[in-house]
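Report on the structure
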Amino acid sequence: MATETLIWLIPLPPVLAFFLIVLFANKNKALSHTLGVGAAGLSWLASMVVFVRALSVEHLGEHPFHASVNWLPTGETWFKIGVLIDPLGAATLFFVAWTIFMIFLYSVGYHNFGQPKGDHDRPGLPPHGATVTDAHGHKHTIPSVEPMYSRFFAFLGLFAFGMYTLVVSDNLLTLFVGWEIMGLCSYLLIGFWYGKPSARNAAIKAFMTTRVGDVFMLLGIVFLYSVTGTLSFREIFTNEELMHALGTTATPVLGLSAAGLIGLLLFIGTVGKSAQWPLHVWLPDAMEGPTPVSAMIHAATMVSAGVYAVIRMFPLLSLDPATMSIVAFIGAFTALFAATIAVAQNDIKRVLAYSTISQLGYMIAALGIGAYVAAAFHLITHAFFKALLFLGSGSVIHGMEHGVLHTGNHHVDPQDMFNMGGLRKKMPITFWTFLIGGFALAGFPVVTAGFWSKDEILADAFAHGHLAVFITLAVAAFLTAFYTMRQITLTFLGEPRTEEAKHAQETPWTMTVPLIVLSVFAVTYGWVGIPEHFPLLGGLVPNWFHEFVGSTLAEHPEAVPFSPVPLLTSLGVALGGLLLGWLVYRNVKSPAEDKLQLPVLKNKWYFDEAYDFLFVKPAYWIAETLVYKWMDKGVLDGILHFIAHITGVIGAAIRNYIDLRVINETIGDGTANTVKWMGFNLRPVQTGRIQQYMLASFVVLIVVGAVLYYFLVMA
Amino acid sequence: MIPLSWYLVLSALLFSIGLFGVLARRNAVAILLGIELMLNAVNINLASFWRYGNPAQMGGQVFAIVVFAVAAAEVAVGLALIISIYRRRKTVLAEEIDLMKW
Amino acid sequence: MDFLNTNLLSLILFSPVAAALIIFFLPKDELKLIRWTALISSLVPFVLSLVLWFRFDPNKTGFQFEEQYIWYKAIGSSLHLGVDGLSLTMVLLTTLLTPLAILASFTISEKVKAYMMLFLFLETGMLGVFLALDLLIFFVFWEIGLVPMYFLINQWGSANRNYASLKFMIYTMGGSLGLLLATQMLGVAFGTYDLTRLFDLWPSAQALTNIPPWLTISTIKTIAFWAFVIAFAVKVPLWPFHTWLPDAHTEAPTAGSMILAGVLLKLGAYGFLRLVLPLYPEQAKYFAGALAFLATAAIVFGAFGSYGQTDFKRLVAYSSVNHMGFVVLGIAAAAAASGTTDAHIALNGAILQMFNHGLSAAGMFFLVGVIYERTHTRNLNDFGGLFPLVPVYGGILIFTSMASLGLPGLNGFVSEFLVVRGAWPILTTYTAISMLGLLFTGAYILKGIKQVLHGPLNEHWAHGEHKLTEINTREIIVMAPLMALILVIGVWPAWILDVINRAVVALF
C-alpha cells in the first residue's frame, strides 16, 4: 500500500471502533474491548509501518510523505487538507502509537474485565466491588467490573482518533480539529464518573480552561490563514519570501511582528492545552478521571499535543525574539512553579500531575530558547516515562483498592501516599517499573532517557547564554528529583503504614505488560539522542535523534558544543534531589511529620481561589444579573414594555377624550339630542287637525302668492 | 251675452264659501258639504272656460263629468266613514275624532 | 418531466397548502389519519426539493427554474419565483425540517387538525420568502409566515403563551413596517417590484421623481436601508432586538420552536443576503461597522444571556441569538469588503452557519421538548444525573450540544471557522471580541449538559410514576436525519458548500 494511503488510514480504526461500540456493541463488554484494542492495534501497526518506511527515506525533511485533497471551497480556490509525515511527525507518531496501544491494553485490566458485576454499582460512579462466596462458603469482596466499560473504550477510541489526526495533519486546521476532539474526549473522560460532583466540575473546568486557549489559537489560525492564504505547514515554512514578510510586518499589538503575534496566539492555545501557567489549573483536577485517562491526557496525547503544536510552529515563532522570550519565560516559570506545588501533594496522581505541568514547562522553555530538537526529544522521552508513571500509579491505586475491599474500610483513600508504604514487596513489577519511570523523571544519570533529554535542554540553555532559564530549570530539576524520590519512598519503601497496604495485590498481566513495555522505552529511548561529544559515551551510538528530527527544519540546527557545567549541574541536581528525598522521607509516617506541607503549596498558590474570584464569579454575575436580569429583562424589555404601556395610554386617552367625549357625546349623541329637542319643541304644531293645516297652507299660499306677485309682477 | 268674468266671480265666490266651510265648520258633514261646494265651483269654471274658449273641443265638459263622478264617489265614501264614526263615537265633530293623534 | 421542470418551484411552494386543504376535509376525530396525512404530504415538498437539488446546476450563474405569473399587473407585481445556490440551501432546510417538526408533534392531541393545517401554511409562508423574486411577493410571504406561528404559540404553547405570542407578532410586524414602506417606495419609483430588475435599477439610481425635493437620493437610500435592516434584524434577531425570541421560543410548542429556530430566524438573515446587500451595496459598506457591532453584541450577550438561564429551553433560545450573530458578522464583513475573497469566505461561512444552526438548533429544541414532555419541567435545577436513566437520550443530547458548541468535526465548526476567517482581516476588533462569545458558548453548553445529565442522580426521576423513560423510536427518527447531516457536513462540507460558494462568488 502506498505510504500516503496508509497515513490517511492511521486515524480511522479508532473512530470506527468508537462508532461501532456506540451504535452496536455497547451492551457487550468483550466485543467492545476487542474492537477498541483491535483498532488501537491496527493503528499501531500502520504507524510502525509508516515509521519504518520514514526511516528508510533519505532526506525525509525535504521530501516528506505528503498528500492532500480539496476540502472547503473558498471563493475561487479550495482549502486543502491532507496528511504529512516528516521526521518530526514520524518521531511523534512512534511514541503516540506505542503509548496509545499500551493504554488501551491497560484499560482492560484497570476496569476489571472478567470480574463480576458490582453489588451496588451504577453507571456514573466508580465500581464499589462485588461480594462472592468461595468454595468454603467464605464471603469475599473483590473488585467489580466498570458498569460503563464499553463506553470507556468508545471514548478512548475517539481520543486516539483525535491524537492521530493531529499528528498526521499537514495543516493547522485539521491539527486543530484533532486538538478539539481530544478536548471533548478529555471532558467526557475526566467526567467519566459523572455521578461525582467533583468529576463533573473537573470536566467542565478542563474544557473551559483549555477553551480559553483554544479561542486564541483559533484567532491565530485565522490570522495566519488571512495573511498567507494557506494553513499548510510546508507551504508556509518553505516559502522564504512569505516567512520574511511575516517576520517583518508590524502589528499594533505589543510591538510584535505578524509572525510573532500569530505565534503568540497559537502559543496561548498551547498554554491551555499543555496546562502552562496561568492556565494550568485544570490539569490537577483532571485526576478525577480513571487512571488510563490520566495517562492519555498527561502523557501520550493531549498535553503533548500542545507542545507538539508549538514545535510544529517553531519556524514561525522563532521569527520574533519577543515571542520567544515570552515562551521561554512561561515555560521556565511553569517548570519551577509546578514543581514547588508537587512537593506538597499527598495524592499519588496529583504529584504526577504537577510534575507533568513542570516537565511540559521544560519543553516550552526549551523551545523558547530555540532548542528545537531538545524540546522534541524531551517530549518523547517524557511521554514514555510519564505514561509509565501514570499507569504505574494506577496499578498502585488498583492494588490499594484491593486492600480496601479486603478490609472493608472505605474511609481509607487508596490514592493517598501516606496510606501506602512497603508496596515493593506486594507489587514487585509495579515497583520496579515505577522506579525506572521515576528515575527517568528525575533524570538519573546515563541509564535513563530522562537524563539525556533534560541534559540536552540544560546544555542548550547554557550554551546559548540563557542563564536565567538555565538556573530556573536546574532548580526545577532538583525539586523534580526530590519529589519523585519522596513519592517512591512513601509509596514503595519502608513498611506498610495501613492494613490496606498490607493487603495490596499485584495487578493482572494486562496492566503489567504495558508497564514493562513502557519501562523499556523509558530507558532505551534516551540512547538514540546521546550527544556526540559526550565524555566516554559520545559517538558509541550515533546521535540519530538530532539528525533525524533536526532535518525537519529548513536549516538544520547545530548540535551544541560540550560543556562540563550543565552536565555537572544535571548530575548534581538529579542525584542530590533523589538522595535528599530519600533521606527526608524514609522515616516520615504521617502528613503531620512532613515539614513541607506549607499551606501556600498545599493550596497551589491559591490560584483556584483567585480565578474563582476573578473570573468564575464575575462571569456568573455578568450572565445572570447584568446581561439577563438588567439588560434584557430590565432595559430592553423595559423599553418594550414602556412602549407598549405608552401605546396603551395613548389608546386610552384617545378613547376617553376623543372617542367618548368628542365623537360619541358631541358629534354622535349631540346630533341625535338636537334633533330630539327640536322634535319635542315642534310637536305642538302637529295638532292633527286638518282644518288647521289647511288654514296654515292657505295662509302660506297667500303669502307666497303675494311675495311672488310682488317680486314678479310689481318689480 | 253674460261675460265670462261673471261666471268666474260666481265660481270664486262659491269656492270661497266652500273653503270657509271646510276650514271653519266643526261638523264633519258640513266639511264634506264645503268640499262639494268647492268641487262644483271648479265645475262652473270648467264649463264656462269651455263655452268661452273652444266649444268645438269637449274637454271642459268631459272634465266636469269626471269631477261629478269623483265628487259622487267621494261623498259616498266620506259619508260612509262619517256614519261609521258616528256609530262608534256618537259624534261627527272633527276635533273629537282624534284617536290617532299623539 | 418537462412539466416538472417548468413548475417545480410552484409545486414545492403550494403543495403544503394543497395538503392543508386535504386535511381540512378529514374528520377531526381521526387523529392518526390527520397526523399521517400531514407527515406524508409534508414529505412531498421535501422529495421535490431533493429533485430540485439534483437538477440544479451549480455552474450556472443567476436564477434557475424561474417562473413568472401575473399577480397584480396594475402596480407591476408578479408572482416571480426562482432559486439560486443561496435560496436552494434554505429551501432544502425548510422542507427537511417541516416533516421532522410534524413528526415531532405527534404527541399533540388537542385540535390536531388545526395544528397540522397551520403548520403546512407556515411551510408555504417560509418557502415563499425563499423562492420569491418579487419584492412585494417577498413581503406578502414574509407576513404570511407570522400568522400561523402566532396561533401555534398562542394555542398550543405553555403557560405564558399569550404574552409571548403577542410580543412575537407585534415585534416582528412592527419591525417590518419600514420594510413595507421602503418596498412601496421602490415599487412606485420604478413601476416594478421584480427583484431581477431592481437589482440593476435601484443601486445605480441617481434621481427619483416622486420623492420630496428636500431629501437627497442618498438620504432616501439610507433611510430605506435602515428600514430593511431593522425588519431583518428583528427577525434574525440581532441585539438589541432579540428579547422577543427567548419568550417566543420558550412558550412555543416543541415543533414550533424547532421551526422558529430552524427556519424562521433564517428568513431575516436571508433578507440581508437577498435584499440588503445587493440593493444597498454602498450603504451596507458604510454601515458595516454598525452591523458588525450589533452582531458582536448579539454573539457576546447571547452567550452570556444563555449562560445566565435556569430554564433549559430559554438557554437554547439564547444560544440562537449567539449563533445567528455569527451569520450577521459574516454578512457585515462581506458588506464592508464585497468582492474580495475574504468576503466570499465570510459569506460562505454565514450561509453555511444558517443551515447548520437550522439543524443543531432544531435538534436542541426537540431534545428539550423530549425531556419536557416526560418531566413537565424545564428548570435545570430540577434535573441532574439523568444520564444513567436515559443513556441514548444523553448520547444524542451531548452530540447535538457539541454541534451547537462548534466542535470541530461537526458542522458548526466549519461555518464558524469560515465566518471568523472571513471577518478577521476586515473587522479584526469585532472578530476578536466575538471570541468571548465563542468561549461562553462552551460555558452554557456545558452548563446544560452538567445540569441535565451529569452529577448525582435526582432520585425523583428514578422511580415510580415519575420514572423517566428513554427516548422512543419516533423521537430517534426525528433526530437521526439531523444528526447524520450534522456529522456529514462537519466531515465533508464540500457537497453543500460548493453550491453556496458558487452562488456567493456570482452574487457578491
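Being a predicted model, the structure only gives us computed values, none of them experimental.

Reported here for the second largest pocket is a volume of approximately 1300 Å³. Listed by contribution, the elements that provide at least two residues to the lining of the second largest pocket are helix H7 (197-228), helix H10 (258-273), helix H15 (321-342) and helix H27 (607-682) of chain A together with helix H13 (288-307) and helix H18 (428-452) of chain C. Split by residue class, the lining of the second largest pocket holds 35 nonpolar, three polar and eight charged.

This brings us to the arrangement of the chains. By contact count, the dominant pairing among the two pairs of chains in contact is that of chains A and C. A gap remains between chain B and chain C, with no contact made and the closest C-alpha atoms lying 57 Å from each other.

One frequently used descriptor of interface size is the decrease in accessible area upon assembly of the parts. Examined at the domain level, chain A breaks down into domain 1 (373-600) and domain 2 (611-689). A separation of 79 Å is found between the C-alpha centroids of domain 1 of chain A and domain 2 of chain A.

With that settled, consider the interface of chain A and chain B. Facing the ten residues of chain A at the interface are ten residues of chain B. Buried surface at the junction of chain A and chain B, both sides included, amounts to about 800 Å², of which 69% is carbon and sulfur. It is Arg689, Gln691 and Met694 of chain A that lose the most area in chain A upon contact with chain B, and together they represent 53% of the buried surface on that side. In this structure, the connection of chain A to chain B is made through zero salt bridges.

Inspection of every chain in the model, using the stated rule, returns 18 salt bridges over all chains. Through salt bridges with shared partners, a single ionic network connects Lys205, Asp285, Arg350 and Asp608 of chain A.

A word on the nonpolar core. Grouped together as the largest cluster of nonpolar side chains are 450 residues, with contacts concentrated most on Leu172 and Tyr187 of chain A together with Phe228, Leu386, Met402 and Phe417 of chain C. Excluding anything up to four places from it in sequence, Met402 of chain C contacts Leu184 and Tyr187 of chain A together with Leu407, Leu410, Leu446 and Ile449 of chain C.

Bringing the domain arrangement of chain C into the picture now. Residue and element names in this part refer to chain C. When its domains are assigned, chain C resolves into domain 1 (1-170 + 241-280) and domain 2 (287-508). The centre of domain 1, based on its C-alpha atoms, is set 22 Å off from the matching centre of domain 2. Contacts between the two partners involve 43 residues from domain 1, matched on the other side by 43 residues from domain 2. Both sides of the domain 1 and domain 2 interface together cover about 3700 Å² of buried area, and 80% of this is carbon and sulfur. Broken down residue by residue, the surface that domain 1 buries against domain 2 is led by Thr250, Leu273 and Leu277, which jointly contribute 14%. Summed over the shared surface of domain 1 and domain 2, the result is one salt bridge. Residues Arg314 and Asp247 are paired through a salt bridge, measuring 2.9 Å at the closest nitrogen-oxygen approach. Counting across the domain 1 and domain 2 interface gives eleven residue pairs in polar contact (both at pLDDT 80 or more).

Residues and elements named next belong to chain C. Listed as buried for helix H8 (residues 195-204) are Leu195, Leu198, Trp202 and Pro203. The buried residues of H8 occupy one face: seen down the axis, they fall within an arc of 95°. Those residues of H8 hidden inside the fold are in contact with helix H5 (135-144), helix H7 (161-190), helix H9 (217-235), helix H11 (254-279) and helix H12 (281-286).

Definitions and cut-offs
- Residues numbered from 1 in each chain as written.
- Chains lettered and ligands numbered in written order.
- Predicted model: local features only at pLDDT ≥ 70, side-chain atom pairs only at ≥ 80, totals over all residues.
- Heavy atoms only, no water.
- 1 Å grid on protein atoms, 1.4 Å probe; cavity = no way out; pocket = protein on both sides within 12 Å on 5 of 7 lines; lining within 4 Å.
- Points joined across faces, edges and corners; volume = space filled by probe spheres on them.
- Helix = DSSP H or I, 4+ residues; strand = E, 2+ residues; numbered from the N terminus.
- Nonpolar A, V, L, I, M, F, W, Y, C, P; charged D, E, K, R; others polar.
- Contact = heavy atoms within 4.5 Å.
- Domains from an automatic or database assignment.
- Buried area = accessible area lost by both parts, 1.4 Å probe.
- Salt bridge = Lys/Arg side-chain N within 4 Å of Asp/Glu carboxyl O.
- Core = buried A, V, L, I, M, F, W, Y, C linked by side-chain atoms within 4.5 Å.
- Buried < 20%, exposed > 50% of the residue type's maximum accessible area, 1.4 Å probe, protein only.
- Polar contact = N/O pair within 3.5 Å; in protein donor to acceptor, adjacent residues only side chain to side chain.
- Arc of directions from axis to C-beta.

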